[in-house]
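Fold and geometry: a report
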Amino acid sequence: MANPPHIAFISSAGFTHLFPVIQFSKRLLHLHRDLHITCIIPILESLPSSSQSYLQSLPPNIHSIFLPPVHKHDMPENVHRGAQVQLTVTLSLPYIRQELESLISRSSLVALVTDCFAHEALDFAVEFNLLSFMYLPYASMIFSLYFCNSMKLDDAKFRGLSPESIDIPPCIPDRGREIVESLYDELVLKQFFERAKKLSLIDGVLFNSFFELETETIRSLQEETKGKRPQIYPVGPIIQGRSDNETNGLGSNCLTWLNNQPTKSVVYVSFGSGGTLSQEQLNELAFGLELSGKKFLWVVRPPSDDPSAAYLSASGDQKNPLDFLPDGFLERTKDRGLVVPLWAPQISILSHGSVGGFLSHCGWNSTMESIVHGVPIIAWPLFAEQRMNAAFLTDCLKVALWPEANNQRSGMVERDEIANVIIRFMEGEEGRDVHKRMQDLKDSAANALKENGSSTQTLSQFVMKLRARA
Ligand code: UDP
C-alpha cells in the first residue's frame, strides 16, 4: 500500500495569511485523517500576538516550522505594507528550500500548498517534482481577477505598469470594480501580475468559497479551466472553530455581557485583524452608534489615517484605544454598549444568540464567518478587496446594507447615516429581508460542508490527486 501523502503548507506574513492556511489544513485532516501536514511559517520581525495565541491551538498532527524572522531593514525603503507580505517570503526562500529538502529526505512529500503571497515557493515544486497548489482565502471572483490577467506580466512590463492595464472580469459587481485602486504602486502591481502568471502554471487553486454561493462564477471558471491548468477547487466555507478563536481567555467578558442581552439585539462592530479608522471617522461612528439607540459590541483600535496601519504590527498595540473615544461616550452608552480594546473572540460572538448584525469591513474571513452563523452585515469596507466583497454582499446576495459615504467630506460616513442604517437594519422591513436571506445562505453553507456536499466532494477530488502521487 502507498504511504500516506505528506503535504507542505507555506503561509506568508501576518495573521490573515497564516490562519486561513492552517484552518484549511485542519479541515483536510478532519476529513482525511491519514494525511501528514507540515506548515512552514515565514515571519516578518516577530509573530503577531494574534498568531501566537492562535497557534497554541494547533493539533499535534500538524507540524509547524518557524523560519528565521525577516527584518524590514532588509527590504528596500518605503515598501508598502501589502508588498512586505510577499517580500517576507521572497527573503525567506533559501530557508524554505532548506526545509523542503529536509522533509523530502525523510518523508513521502507529494505536494506544496502556498498562500497566494507565498507563490514564489511554488518554483520548488518544479525543482523537487511535487504537485503545486495555491490556497486563496478569498472569493472565486478574486481567482477570476487573477486568471483573466494571467498572461499579462510581460506585456505590463513592456508597457509600464498601471492599474488601468488590469482586466476586470464581469463577475465583479460594479461597485466593487475599484478593487484595482488598491494596486496603486509599481511593486504592488508587479506582484499582482506575478501571482496571476504563477496561477496559470500550477496544478490547482483551492479557494474559500462554495458552489452555491458563487454558482455562476464557479461554473464559468470550471468551463474555462476544463482539462487545463490550474484545476479549481472551491472548498469553503472554511472558518475558525470556537476553540481556535478563544485560546487565551481574552474577551470572555464579551460573552458574559452578551449572555445578558436579548436575542438578536446587538450589533457587533469590528474591522478585522488590522482595519483602522481615522480619528474623525472614529468619532462619527461613536456618535452614530449612540444616536441609533441600539445595543452594540465594538472592537476598537487606536485611530490612524492609514486604514491598514495595524495590519502587520506584531504588538503595535501600546496605545489605549479607549482614550480616543469622544468625551463621555463610554458613560453615556454604558447600559447598552460594550467597547472592547483591540481584539475579541469573533467566532464566539457571531455564534451568540444575542447578536443580530455585524458592522464589518467585509474581509473575506469575516464574511464567511458571518454567513456560516447567519448574521447579516452592515458593510463598511476599508481597503484591498473589501469593497468588492461589500458590493457582492449588498448588490448580488442582498444580505447587507451599505451606509453611504459623504464624498464632500473625503468619503466620511457621517453619524446620522450610520444611525439611520443601523435602525433600518435592526428594525425595518429592509432589515428583515436581509436577515431572512442570510438565514437561507447559512443553510446552503451548511449543506456544502455535509458529507455529500459540494465542497466536501471537491476536497475529496483534491485528495485523490494527492494519493495518486503518493
Ligand atoms: N478576528 C478576531 N477577533 C478580532 C478581529 C478579527 O477573531 O477582534 C478574526 C476574524 O474572526 C477573522 C480574522 O480575524 O477570522 C480577520 O480576517 P478578515 O479576512 O475578515 O479580515 P482581515 O484581517 O484580513 O482584514
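Bear in mind the structure is a predicted one, so any value in this text is a computation, not a measurement. (Residues numbered from 1 in each chain as written. Predicted model: local features only at pLDDT ≥ 70, side-chain atom pairs only at ≥ 80, totals over all residues.)

**Side note on the packing of helix α3 (residues 81-106) against helix α7 (residues 186-199)**
Any two packed helices are characterised by the angle at which their axes cross and by the distance between the axes. In plain terms, the rule: Here, axes are lines fitted to C-alpha atoms. For helices the fit covers the stretch in contact, and angles between N-to-C directions go from 0 to 180 degrees. Helix and strand assignments come from DSSP, with helices taken as H or I runs of at least 4 residues and strands as E runs of at least 2, each series counted from the N terminus. Just so you know how the angles are binned, under 35 degrees is roughly parallel, over 145 roughly antiparallel, 65 to 115 roughly perpendicular, and the rest oblique. By definition, turning the near helix anticlockwise from the far helix through less than a right angle yields a left-handed crossing, and turning it clockwise yields a right-handed one. What counts as a contact is two residues whose backbone-derived C-beta atoms lie within 7 Å of each other.
α7 packs onto α3 with a crossing angle of 50° between their chain directions and a minimal axis gap of 9 Å. By the angle class used here, α3 and α7 are oblique. Read as a crossing pair, α3 and α7 show a hand that is left-handed. Of α7, the residues touching α3 (which contributes Gly82, Ala83 and Gln86) are Leu187, Val188 and Gln191.

**Considering the nonpolar core**
The following threshold applies: Structurally, a nonpolar core is described as a collection of buried Ala, Val, Leu, Ile, Met, Phe, Trp, Tyr and Cys residues joined by way of C-beta atoms within 7 Å. Around each residue's C-beta, the other C-beta atoms within 10 Å are counted; 20 or more make the residue buried, 12 or fewer make it exposed, and counts in between make it partly exposed. All C-beta atoms are placed from the backbone. What counts as a domain boundary in this text is fixed by an automatic or database domain assignment.
Counting 135 residues, the largest nonpolar core has Leu112, Leu297, Ile378 and Ala400 as the members making the most contacts within it. Both domains that furnish three or more residues to this core are identified here as domain 1 (6-236 + 451-469) and domain 2 (245-446). Leaving out residues up to four positions away in the same chain, Leu297 has contacts with Cys254, Leu258, Val266, Tyr268, Val269, Leu338, Val340 and Ile349.

**A look at the confidence of the model for the chain**
The condition that has to hold: The pLDDT score gives, residue by residue, the confidence of the prediction method on a 0 to 100 scale.
The predicted model of the chain has a mean per-residue pLDDT of 91, with 94% of residues at 70 or higher. Overall fold confidence (pTM) sits at 0.94, and the ipTM for the predicted complex is 0.99.

**Some words on the domain arrangement of the chain**
You can read the domains of the chain as domain 1 (6-236 + 451-469) and domain 2 (245-446). Contacts between domain 1 and domain 2 engage 35 residues on the former and 25 residues on the latter. When contributions to the side of domain 1 that touches domain 2 are tallied by element, the ones reaching two or more residues are α1 (15-31), α2 (49-55), α3 and α5 (140-147).

**Brief notes about the pairing of strand β2 (residues 36-41)**
Inclusion rule: What makes two strands pair is DSSP finding at least two bridges between them.
Across five bridges, strand β1 (residues 6-10) lies against β2 in parallel orientation. Along β2, the bridge assignment pairs Ala8 with Thr38. The pairing of β2 with strand β3 (residues 62-66) spans five bridges and is parallel. From the neighbouring strand, Ile37 faces β3, where its bridge partner is Ile62.

**Brief notes about the pairing of strand β7 (residues 231-234)**
Selection rule: By convention, orient the strands away from the viewer: a clockwise path from the first strand over the helix to the second makes the crossover right-handed.
A one-sided burial pattern is seen for β7, the buried positions being Ile232 and Pro234 and the unburied ones Gln231 and Tyr233. Handedness of the crossover joining strand β6 (residues 204-207) and β7 through helix α8 (residues 215-225): right-handed.

**Considering unusual backbone geometry**
In this structure, the amide linkage connecting Arg229 to the following residue, Pro230, adopts the cis form with an omega of -10°. Structurally, Pro230 can be placed in the loop between α8 and β7. The omega angle of the peptide bond from Gly236 to Pro237 is 0°, so this bond is cis rather than trans. With respect to the secondary-structure elements, Pro237 resides in the loop between β7 and α9 (242-245). With a phi close to 50°, Ala384 is a non-glycine residue in the positive phi region. Within the fold, Ala384 resides in the loop between β12 (377-379) and α15 (386-396). Exposure remark for Ala384: the 21 C-beta atoms within 10 Å place this residue in the buried category.

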